[in-house]
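Coordinate inspection notes
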There are 2 protein chains.
Amino acid sequence: MAESTRLVDLVQSNIDSFLDAREPELAAIAPELTPFIDFSREFLAGGKRFRALFCYWGWQAVAAPDLFDSDSSKSAAEVSSVLLAATALEVFHAAALVHDDIMDNSDTRRGKPSAHRRFESLHRESNWLGNAAPFGTSSALLLGDLLLSWSDELFADGLQKLASLDARIAARTEFTAMRMEVTVGQYLDILEESAWARQPEAEQLSRANRVIVYKSAKYSVEAPLAIGASLGGGSLAQVAALRDFGLPLGVAFQLRDDMLGVFGDPEVTGKPAGDDLREGKRTVLVAIARQRLTPSARRLLDELLGDPEMTESQVGMLQATIRDSGAVDEVERIIDANTRSAVEAIADAPLSRSARAQLTSLADTVIRRTA
Amino acid sequence: MAESTRLVDLVQSNIDSFLDAREPELAAIAPELTPFIDFSREFLAGGKRFRALFCYWGWQAVAAPDLFDSDSSKSAAEVSSVLLAATALEVFHAAALVHDDIMDNSDTRRGKPSAHRRFESLHRESNWLGNAAPFGTSSALLLGDLLLSWSDELFADGLQKLASLDARIAARTEFTAMRMEVTVGQYLDILEESAWARQPEAEQLSRANRVIVYKSAKYSVEAPLAIGASLGGGSLAQVAALRDFGLPLGVAFQLRDDMLGVFGDPEVTGKPAGDDLREGKRTVLVAIARQRLTPSARRLLDELLGDPEMTESQVGMLQATIRDSGAVDEVERIIDANTRSAVEAIADAPLSRSARAQLTSLADTVIRRTA
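All values reported here derive from a predicted model rather than from experimental measurement.

**Concerning the overall build of chain A**
Scanning chain A for helices and strands turns up 16 helices and two strands. Its C-alpha radius of gyration of 21 Å places chain A within 12% of the 21 Å reference for a compact globule of 371 residues. In terms of overall dimensions, chain A has a C-alpha envelope of 65 × 60 × 35 Å along the principal axes. Expressed as a percentage of the 371 residues in chain A, the buried residues total 59%.

What follows is the structure in structure tokens.
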């Protein structure tokens, strides 16, 4: 995976240069704006960079050059365009996480304080007037907005370097669709937390699936692949094959996330144990468990789920209830089936051999992760 | 102002077509997404369209065609590009207002419920589970994010129609700068509400001025003009003249807004009387009043300002205190001086005669408004 490692380094280096360039601009407006750069650096450091990787390999799948190959027929400008697009996706993701943590009222992100908590601390440490919490929330909302605009700037900078007008239009169309889908997907997610009990029992699983598809599968895997392929001028057949790989893998990716949200090790995930249970996320895992539980066990689960004051032992009990229902095994089966279907979709697809190998290996990383 | 009226109609028609096109896309994802379209329509209906107008007249100032002039040397594509950019600015503004109302905890916008209150009502009327208020806030945060992405899309669509690469780059640079400046300007605004008391007394006025410049003057007037002029391939001298007009006029625009926030008629502004006093905005008006008050009167003002529970009679008392200090007359003088300086900046500038006349007339509208 030397090429993937190199890509991740180049994306980090793009992020660093971008923030280095913004720092004096903000300082010229007001010295008090330093936290916007400092917090952006923190939230943009590390992470798994899956979106950047899928964007890069989506492009590589149709363009087939090696990043290190000096004989490549692809221009340096095109490579630079793909790197900027991949960087834009990571900056967009940071924005989404900052806003997501506000909505979920999360104290931590990757084991460190979330953006709104950081601004809240800044307020407190500076001994400013008024309530620290709303100041934290408003500031993080603005940080998210700024990151959204920076993401757009990076993406536009990337497109600017692309010679083909068709590729520019296709890539922007994918980027635009991605932003709309993930935003409404997040709405469907919070809607489900409130609205699920007013929906027919028979629709719970399909509603949970709908959230996964829009909030995560398309956003995290399918769209980055399609954006990358569009940048490389991929044919309809190539983009379709990448979608057929991306969507089921994206669903598997989110199912793994849902499992980690309930059973993940706080030391590894950087989130409290059973975080999703306290938040009351109506995931596919929960929907399947509910189908398999007796009415009385289901009522107990429904009553506890979403209680922010849930104790450790209640978390443990819910974990056991979900596991004993057979839902965990069932979700593992779905993850396996989706991953197989993803890998099969590109096995004979008109995509570069090296990209197919890397995507298959990435699929493995994505669904086996522990954080 | 027939041309301005026509422009406002065309922007509205662009907004309508854009939302008409998004409606089936969202409905295909989930029928529950209807509120995103319905609320967007409401928040994008009406308004003064100052940003669209300044964008259009900034373009017209350097390009000089008449929108109705069939002999115009400017291509239909360029006109369409300017209209899309003007529309993008209005959609961006709607996004900013939706997020702003969350931060200010405002119940109303133009006399109707704000976005987060609308989603909160939807939650209540649907009899969903959990707290309606955080659902309202999260949903409005997402609506704002969606509007931001739609604004980008409209702006990019506009640029796409422009033949000149230089004009595309220049206009995008202005758009990007505008987004960054208004976002950090809003941060400086909320920062001042919390941090002012920890700053030296002598800096209060200059800090309030800094907020005005970034949150409002550049955003509402200078940037739209610069974007418009860039779309028309304006020369450096032309763009500079428009900036010299836009910045002081923008400051005057916000000073008028600050006066309306304290003394405005709720029937006309659609906001409660003395809204800014309850919010504790540290405006230029307040900074000037503080400089002129006795220490004891200043302490009283500082104690009351920002109290959300302020009574009608306390609002009345603060209004009288500010007026009696002479701050209102002083702000009126600054508004006049800035407006004169704005109008003088374009009197002999290398800009089309018709645009100079329209901008001068717009300046008058902007500072004489009552809502």
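Moving on, there is more to tell.
**Considering the nonpolar core**
Membership of the largest hydrophobic core comes to 245 residues, with the highest contact counts inside it found for A:F54, A:W150, A:L231, B:F54, B:W150 and B:L231. Beyond its immediate stretch of four places on either side in the chain, A:F54 contacts A:S220, A:V221, A:P224, A:L225, A:F245, A:L249, A:L359, A:L362 and A:V366.

**Thoughts on the relation of the copies chain B and chain A**
With an RMSD of 0.0 Å, chain B superimposes on chain A once it is rotated by 180° and translated 0.0 Å along the axis. What the superposition gives is, in effect, a two-fold axis relating one chain to the other. The overlap is high: 100% of the interface residues of chain B also sit at the interface in chain A, so the same surface is used on both sides.

**As for the interface of chain B and chain A**
On the chain A side, the residues contacting the 57 residues of chain B number 57 residues. Of the roughly 5100 Å² buried between chain B and chain A, counting both surfaces, carbon and sulfur atoms make up 69%. At the junction of chain B with chain A, the criterion picks out seven salt bridges. Among the salt bridges present, the one from A:R179 reaches B:D152, with a minimum N-O distance of 2.8 Å. On the surface where chain B and chain A come into contact, there are 14 residue pairs in polar contact (both at pLDDT 80 or more). Of all elements in the fold, only α1 (2-29), α2 (34-43), α4 (76-104), α5 (115-125), α6 (132-160), α7 (165-195) and α8 (204-231) of chain B reach the threshold of two or more residues within the side of chain B that touches chain A.

**Some thoughts on the packing of aromatic side chains**
The tally for this structure, following the rule as stated, stands at 24 aromatic pairs over all chains. Seen in terms of ring centroids, A:Y56 and A:W57 are 5.1 Å apart; in terms of plane orientation they differ by 80°. Their pairing is edge-to-face. Each member of the pair, A:Y56 together with A:W57, is buried. Among the aromatic side chains, those forming a connected cluster through ring pairs are A:F36, A:F39, A:F119, A:W128, A:F135 and B:Y187. A cation over an aromatic ring shows up here: B:R22 above the ring of B:F18, its NZ or CZ 4.4 Å from the ring centre.

**Concerning the packing of helix α9 (residues 236-263) of chain A against helix α16 (residues 353-368) of chain A**
Residue and element names in this part refer to chain A. One way to put it is that α9 packs onto α16 with a least axis distance of 9 Å and a crossing angle of 20°. In terms of axis orientation, α9 runs roughly parallel to α16. Pair α9 / α16 crosses with right-handed handedness. Taking contact as the criterion, the partners of L242, F245, L249, A252, F253 and R256 in α9 are, on α16, L359, A363, V366 and I367. Residues belonging to the contact of α9 with α16 are distributed by class as follows: nine nonpolar, no polar and one charged.

**Some words on the side chain of B:T283**
All names here are of chain B. When you line up the elements, T283 lands in the loop between α11 (275-279) and α12 (284-292). By relative accessible area, T283 is classed as buried at 9%. Those residues in contact with T283, other than ones at most four positions away along the chain, are A208 and D258.

**Remarks on the pattern of salt bridges**
Under the criterion given, the structure shown has 63 salt bridges over all chains. Across the pair A:E23 and A:R41 runs a salt bridge whose closest N-O atoms are separated by 2.8 Å. One end of the pair, A:E23, is in helix α1 (residues 2-29); the other, A:R41, is in helix α2 (residues 34-43), and 18 residues separate them in sequence. Judged by relative accessible area, A:E23 falls into the partly exposed class, the value being 31%. The shortest N-O distance in the salt bridge between B:E192 and B:R207 comes to 2.6 Å. Taken as a pair, B:E192 in helix α7 and B:R207 in helix α8 lie far apart in primary sequence, 15 residues in all. B:R207 shares its class with B:E192; the two are buried.

**Here's the deal with the confidence of the model for chain A**
A low pLDDT score tells you not to read the predicted coordinates there in detail. The pLDDT averaged across chain A works out to 93; a share of 97% of its residues lies at or above 70. Scoring of the predicted complex yields 0.94 for pTM and 0.94 for ipTM.

**Overview of the side chain of A:S138**
By secondary structure assignment, the location of A:S138 is in helix α6 (residues 132-160). Assessed through its relative accessible area of 8%, A:S138 is described here as buried. Every residue in contact with A:S138, bar those within four places of it in the chain, is listed here: B:M103 and B:I190.

**Digging into the environment of B:A177**
Residues and elements named next belong to chain B. With respect to the secondary-structure elements, A177 resides in helix α7. A relative accessible area of 29% places A177 in the partly exposed class. The sequence separation of A177 and G130 amounts to 47 residues, and the corresponding C-alpha distance is 40 Å.

**Focus: the environment of B:S341**
Residue and element names in this part refer to chain B. Inspection of the secondary structure assignment puts S341 in helix α15 (residues 327-347). The exposure class assigned to S341 is partly exposed, which follows from its relative accessible area of 35%. Along the primary structure S341 and A163 are separated by 178 residues, whereas in three dimensions their C-alpha atoms are 35 Å apart. Excluding residues within four positions of it along the chain, S341 makes contact with D244 and P248.

**Here's the deal with the environment of A:C55**
Residue and element names in this part refer to chain A. Assignment of secondary structure puts C55 in helix α3 (residues 50-63). With relative accessibility at 0%, the residue C55 sits in the buried group. The sequence separation of C55 and I227 amounts to 172 residues, and the corresponding C-alpha distance is 6.2 Å. Those residues in contact with C55 that lie beyond four places of it in its chain are V82, A85, A86, L89, P224, L225, I227, G228 and L231.

**Digging into α9(A)**
Counted at 1.5 Å a residue, the expected span for α9(A) with its 28 residues is 40 Å, and the 40 Å between its end C-alpha atoms agrees. Within α9(A), 20 of the 28 residues are buried, leaving the element largely enclosed by the surrounding structure.

**Observations concerning the packing of helix α4 (residues 76-104) of chain A against α6(A)**
All names here are of chain A. It is at 8 Å that the axes of α4 and α6 come closest, and there the two elements cross at 165°. By the angle between their axes, α4 is roughly antiparallel relative to α6. With respect to the hand of their crossing, α4 and α6 are arranged in left-handed fashion. Here the contact of α4 with α6 is built from residues that sort into 18 nonpolar, seven polar and two charged.

**Focus: unusual backbone geometry**
Residues and elements named next belong to chain B. In this structure, R49 takes a positive phi of about 60° despite not being glycine. Mapped onto the secondary structure, R49 falls in the loop between α2 and α3 (50-63). Given a relative accessible area of 5%, R49 falls into the buried group. For N105, which is not glycine, the phi torsion reads 55° and is therefore positive. With respect to the helices, strands and loops of the structure, N105 is situated in the loop between α4 and β1 (108-109).

Reading the values: the criteria
- Note that residues are indexed from 1 along each chain, following the sequence as it is written.
- Each chain is given a letter, starting from A, and each ligand a number, starting from 1, according to the order in which they appear as written.
- Restriction of local features to residues with pLDDT of at least 70 applies here, the model being predicted, together with a cutoff of 80 or more for giving and counting side-chain atom pairs; totals for whole chains, interfaces and linings are based on all residues.
- Each side-chain value is derived from all of the structure's non-hydrogen atoms; neither hydrogens nor water enter the calculation.
- Only DSSP runs of H or I covering at least 4 residues are called helices, and only runs of E covering at least 2 are called strands; the numbering of each starts at the N terminus.
- In this setup the radius of gyration rests on C-alpha atoms only. A globule is expected at 2.2 Å times the number of residues raised to 0.38.
- Summary of the burial criterion: residues with accessible area below 20% of their type's maximum are buried, those above 50% are exposed, and those between are partly exposed, where the area comes from a 1.4 Å probe applied to protein chains only.
- Among buried residues, those of type Ala, Val, Leu, Ile, Met, Phe, Trp, Tyr and Cys that are joined through side-chain atoms within 4.5 Å constitute a nonpolar core.
- Contacts were defined at the residue level, with two residues in contact if any of their heavy atoms lie within 4.5 Å.
- Alignment of copies: least-squares fit on C-alpha atoms of residues with pLDDT of at least 70 in both copies.
- Values labelled buried area give the accessible surface lost by two parts on being combined, using a 1.4 Å probe and summing over both.
- When a carboxyl oxygen of Asp or Glu is within 4 Å of a side-chain nitrogen of Lys or Arg, the pair counts as a salt bridge.
- Within 3.5 Å is the distance limit for a polar contact, defined as a pair of N or O atoms, with the added protein rule that one can donate a hydrogen and the other accept it, and that residues adjacent in sequence qualify only through two side-chain atoms.
- Stacked, tilted and edge-to-face are the three classes applied to pairs of Phe, Tyr and Trp rings, where Trp contributes its six-membered ring and a pair requires centres within 6.5 Å; stacked means planes under 30 degrees apart, edge-to-face means over 60, and tilted covers the rest.
- Distance and angle both matter: a charge sits over a ring if NZ of Lys or CZ of Arg is within 6 Å of the ring centre and within 35 degrees of the ring normal.
- Orientation is described by axes fitted as lines to C-alpha atoms, over the contacting stretch for helices, and by angles from 0 to 180 degrees between their N-to-C directions.
- Note on terminology: angles under 35 degrees are roughly parallel, angles over 145 are roughly antiparallel, angles of 65 to 115 are roughly perpendicular, and the others are oblique.
- For any pair of crossing helices, the crossing counts as left-handed if the nearer helix is rotated counterclockwise from the farther one by less than a right angle, and right-handed if it is rotated clockwise.
- When residues are sorted by character, Ala, Val, Leu, Ile, Met, Phe, Trp, Tyr, Cys and Pro go into the nonpolar class, Asp, Glu, Lys and Arg into the charged class, and all the rest, Gly among them, into the polar class.
- Confidence per residue, as judged by the predictor, is encoded in pLDDT with a range of 0 to 100.
- Here, expected helix span is obtained from the residue count minus one, scaled by 1.5 Å.

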